[in-house]
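# Secondary and tertiary structure notes
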Amino acid sequence: MTTWIPNLSSMQGPLYVRLANRIQQDIESGTLPAGAKLPPQRNLAFDIGVTVGTVSRAYALVRERGLVTGEVGRGTFVADTEHNGSHTPLPLPLRVPGGYEENRADVIRLDSSAAFSTAGANEVRALLAEAANDLPCEMADYVRKIQPHWQTAGADWMKVGSGWGPDPDTVLPAPGAQGALMAVLGAITNPGDRVACEALTYAGMPRAAHLIGRGSVSVAIDENGILPEAFETVCAQQHPKVLFLMPGVHNPLTRALPPERRKAIIDIARRHNVWLIEDNLYATIAGDPHTPIAAMAPDITFHITGLSKAVAAGLRAGWVATPPHLTARVWSAQKMLTGGASYLLCELAARMVDSGKAMAVRNRVRAEIGRRVALMRTIFDGCDINLRDHTPFAWLKLPEPWLSGTFKAAAYEEKVRIDDEDEFKAGRGDHRFHGVRIAFSATIKDIHQLETGARRLRRILDAGPGAHHSYN
């Protein structure tokens, strides 16, 4: 398609970035279909009045994004979008929620890390009745304004596991941590913006970003989490608007991001004008041994926590601490995206924290997880596995020649459900981690059920992939 002339008048940023972004937009809109040949660099430079070097840098940038391929002597061609999943919206599932044998009684589910469903049931029942009796009219109405004790409760809960609490005036209640994530994305990004995530991450973030028209960018990691030098490269080449990370307890690797990396990430984010979203959910159980990023950079960081991992997932109780000048904007975005907060749930969450009942439940959950971690250490003794005290999941690194997906399939044949690495990938990439996550909280009735499932996994691991055969 040598007659294609890009329109850069509405684009912003350096000229080569504007050209790269226009190429991406025209690919995504279908103006440049799969297999189309881009104009020769010298011809395009002449047509739009720029240097050949500018066009060369733009072509290199879209090649790094996986949008085009180059063939020596033939030119640059638009890549097949069927094989370019990192820049296209993810398809919606065809099955209804609860499908694919979710509730099979004979399958041991080691794929959920939420709080035990029975842990806080008595506390929730008592406080629900109390709140309904005290505030029946308020609960039947819209949330007309944020109640200060909701904000104070959120600030107090943020201290759990980290010792740091923000100014309550900057704290907003949300319908769970996912609701807080969506509100922040809606407030600080626009369609077409990119959200950077660690190469392995909580998959709900990049999927949510795609769903509302934002792209995801994968940042390389190692055993300790995000690599600052990789983040610097992504910022320079792809210009993300925000970085999402889990420095307190990485999901699925379990590790805490070292202090020197936290400082480096903050410095890079400031240089490139990138917002930071710090997910601190699991730190409310396991604790964060280092200073949270929000404590070091409150002006560019959104700090998110909630009760789903430590107290009760069904309360949909989350909070986000925002940079002070963006609190009202995030609250407005939450109302637009979700229809507004529930007075009942906000009040119930605040009462759980203020009464001390949330902490009591959290301590029971923490103690039970501690017992389960000890059991896992015994069963997987001698294996390459990341286990962290009071963390409701483990990362099992597979020996040669196991592949993550193959091990997951072998586990399911033995009626154990786990998550392979693909469940946590922010996008497609060449790097393979060869690991699986084993979670052992919400859906495991007792420690004996966990022992049964874990021993099945250990037998599969020891037998090797040669003992597993599929006729698919």
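Computed from a predicted structure; not experimentally measured.

### Some thoughts on the sheet that holds strand β17 (residues 435-439)
Strands in a sheet are paired, the pairing made by backbone hydrogen bonds, and the direction either parallel or antiparallel. Ordered in space as β13-β14-β17-β16, the four strands form an open sheet in which the pairing is antiparallel. Bordering the open sheet on either side are β13 (385-386) and β16 (419-420), each of which pairs with just one other strand. Pairing of β16 with β17 involves two bridges; the strand directions are antiparallel. Bridging across to β17, D420 finds its partner in V436.

### Points about the packing of aromatic side chains
Scanning the entire structure with this criterion turns up four aromatic pairs. Both rings, one in W150 and one in Y343, keep their centres 4.9 Å apart while their planes meet at 75 degrees; by these two values the pair is edge-to-face. Residue W150 is located in helix α6 (residues 148-158), and its partner Y343 is located in helix α14 (residues 343-354); the two are separated by 193 residues in the primary sequence. Judged by relative accessible area, which is 9%, Y343 ranks as buried.

### As for helix α13 (residues 327-338)
For α13, with twelve residues, the first-to-last C-alpha span of 16 Å sits near the 16 Å given by 1.5 Å per residue. Within the span of α13, buried status applies to T327, V330, W331, A333 and Q334. Buried positions in α13, seen along its axis, are confined to an arc of 160 degrees and lie on one side of it. More than 90 degrees from the buried face of α13, the exposed residues found are A328 and M336. Here the buried face of α13 lies against β4 (171-175), α7 (176-188), β11 (301-306) and β12 (317-321).

### Focus on the confidence of the model for the chain
Per-residue confidence for the chain averages 88 on the pLDDT scale, and 93% of its residues sit at or above 70. pLDDT under 50 marks residues 83-101. Its contacts with residues more than four places away, or in other chains, come to 25 contacts.

### Looking at unusual backbone geometry
Omega for the bond connecting N251 with P252 falls within 30 degrees of zero, at 25 degrees, which places this linkage in the cis form. In this fold, P252 is placed in the loop between β9 (242-245) and α10 (259-272). With phi around 55 degrees, N273 is a residue other than glycine that occupies positive phi space. Topologically, N273 is positioned in the loop between α10 and β10 (275-279).

### A short note on the environment of R65
You can see R65 is positioned in the loop between α3 (52-64) and β1 (68-71). Residue R65 is classed as buried on the basis of its relative accessible area, which comes to 3%. Sequence-wise, R65 and Q237 are 172 residues apart; in three dimensions their C-alpha atoms are separated by 9.1 Å.

### Notes on the pairing of β11
Among the six residues of β11, six are classified as buried, and the element is accordingly described as predominantly covered. Here β11 shows no split at all, with T301, H303 and T305 on one side and F302, I304 and G306 on the other all buried. Here β10 runs beside β11; their pairing, made up of four bridges, is parallel. Residue pairing across strands places I277 opposite F302, the latter belonging to β11.

### Topic: the packing of helix α9 (residues 228-238) against α10
Each pair of packed helices can be summarised by the angle the axes make with each other and by the distance between the axes. Interhelical geometry of α9 versus α10 gives an angle of 10 degrees and a closest axis separation of 9 Å. Our classification of the angle between α9 and α10 gives roughly parallel. Of the residues in α10, those touching α9 at P228, F231, E232, C235 and A236 are R261, A264, I265, I268, A269, R271 and H272. Of the residues in the contact of α9 with α10, the class split is eight nonpolar, one polar and three charged.

### Some remarks on the nonpolar core
The tendency in soluble globular proteins is for nonpolar side chains to be buried as a group. One finds F231 and F407 to be the most contacted residues of the largest nonpolar core, which totals 118 residues. The contacts of F407, once residues within four sequence positions are left out, are L396, L398, W402, I418, V436, L457, I460 and L461. Counting 23 residues, the second largest nonpolar core, distinct from the first, contains I23, L38, A58 and L61.

### Quick notes on the pattern of salt bridges
One pass over the structure, following the stated rule, counts 28 salt bridges. Here R351 makes a salt bridge to D134, at a shortest N to O gap of 3.0 Å. Here D134 lies in helix α4 (residues 121-134) and R351 lies in helix α14, a separation of 217 residues in the sequence. Residue classification places R351 among the buried positions, given a relative accessible area of 14%. In this structure, R432 engages E421 in a salt bridge whose closest nitrogen and oxygen atoms are separated by 3.6 Å. Taken together, the positions of R432 in the loop between β16 and β17 and E421 in the loop between β16 and β17 put the pair eleven residues apart, joining distant regions of the chain.

### Quick notes on the sheet that holds strand β6 (residues 215-219)
With mixed pairing, seven strands are arranged side by side in an open sheet as β4-β12-β11-β10-β9-β5-β6. One side of each edge strand has no neighbouring strand; the edge strands of this open sheet are β4 and β6. Recorded for the sheet is a direction-independent mean angle of 25 degrees between the axes of neighbouring strands. Of the strand pairs in this sheet, strand β5 (residues 194-198) and β9 are connected by three bridges, and their pairing is parallel. Counted as the bridge partner of A196 is L243 from β9. Its contacts with the sheet put α13 on β4, β11 and β12, and the angle it makes with β4 is roughly 10 degrees.

### Points about the side chain of E198
Note on placement: E198 falls in strand β5. No salt bridge is formed by the buried E198, whose closest oppositely charged neighbour, R261, lies at an N-O distance of 7.6 Å. Side-chain polar atoms of E198 contact the backbone nitrogen of I226, separated by 3.4 Å. Here the side chain of E198 touches M246 through a polar contact of 3.4 Å, landing on its backbone nitrogen. With sequence-adjacent residues up to four places away left out, E198 is seen in contact with V219, I221, G225, I226, F244, L245, M246, H250 and A426.

### Some points on the packing of helix α2 (residues 41-48) against α3
The N-to-C vectors of α2 and α3 enclose an angle of 120 degrees; their axes lie 8 Å apart at closest approach. The element α2 and its partner α3 pack so that their crossing is right-handed. Within the contact between the two elements, α2 uses Q41, R42, L44 and A45 and α3 uses V52, V55, S56 and Y59.

Cut-offs used in this document
Residues numbered from 1 in each chain as written. Predicted model: local features only at pLDDT ≥ 70, side-chain atom pairs only at ≥ 80, totals over all residues. Heavy atoms only, no water. Pairing = 2+ DSSP bridges. Helix = DSSP H or I, 4+ residues; strand = E, 2+ residues; numbered from the N terminus. Phe/Tyr/Trp six-rings, centres within 6.5 Å; stacked < 30°, edge-to-face > 60°. Buried < 20%, exposed > 50% of the residue type's maximum accessible area, 1.4 Å probe, protein only. Expected span 1.5 Å × (residues − 1). Arc of directions from axis to C-beta. Contact = heavy atoms within 4.5 Å. pLDDT = per-residue confidence, 0-100. Axes fitted to C-alpha atoms, helices over the stretch in contact; angles between N-to-C directions. Parallel < 35°, antiparallel > 145°, perpendicular 65-115°, else oblique. Nonpolar A, V, L, I, M, F, W, Y, C, P; charged D, E, K, R; others polar. Core = buried A, V, L, I, M, F, W, Y, C linked by side-chain atoms within 4.5 Å. Salt bridge = Lys/Arg side-chain N within 4 Å of Asp/Glu carboxyl O. Lys, Arg positive; Asp, Glu negative; His and termini not counted. Polar contact = N/O pair within 3.5 Å; in protein donor to acceptor, adjacent residues only side chain to side chain. Left-handed = near helix turned anticlockwise from the far one by under 90°.

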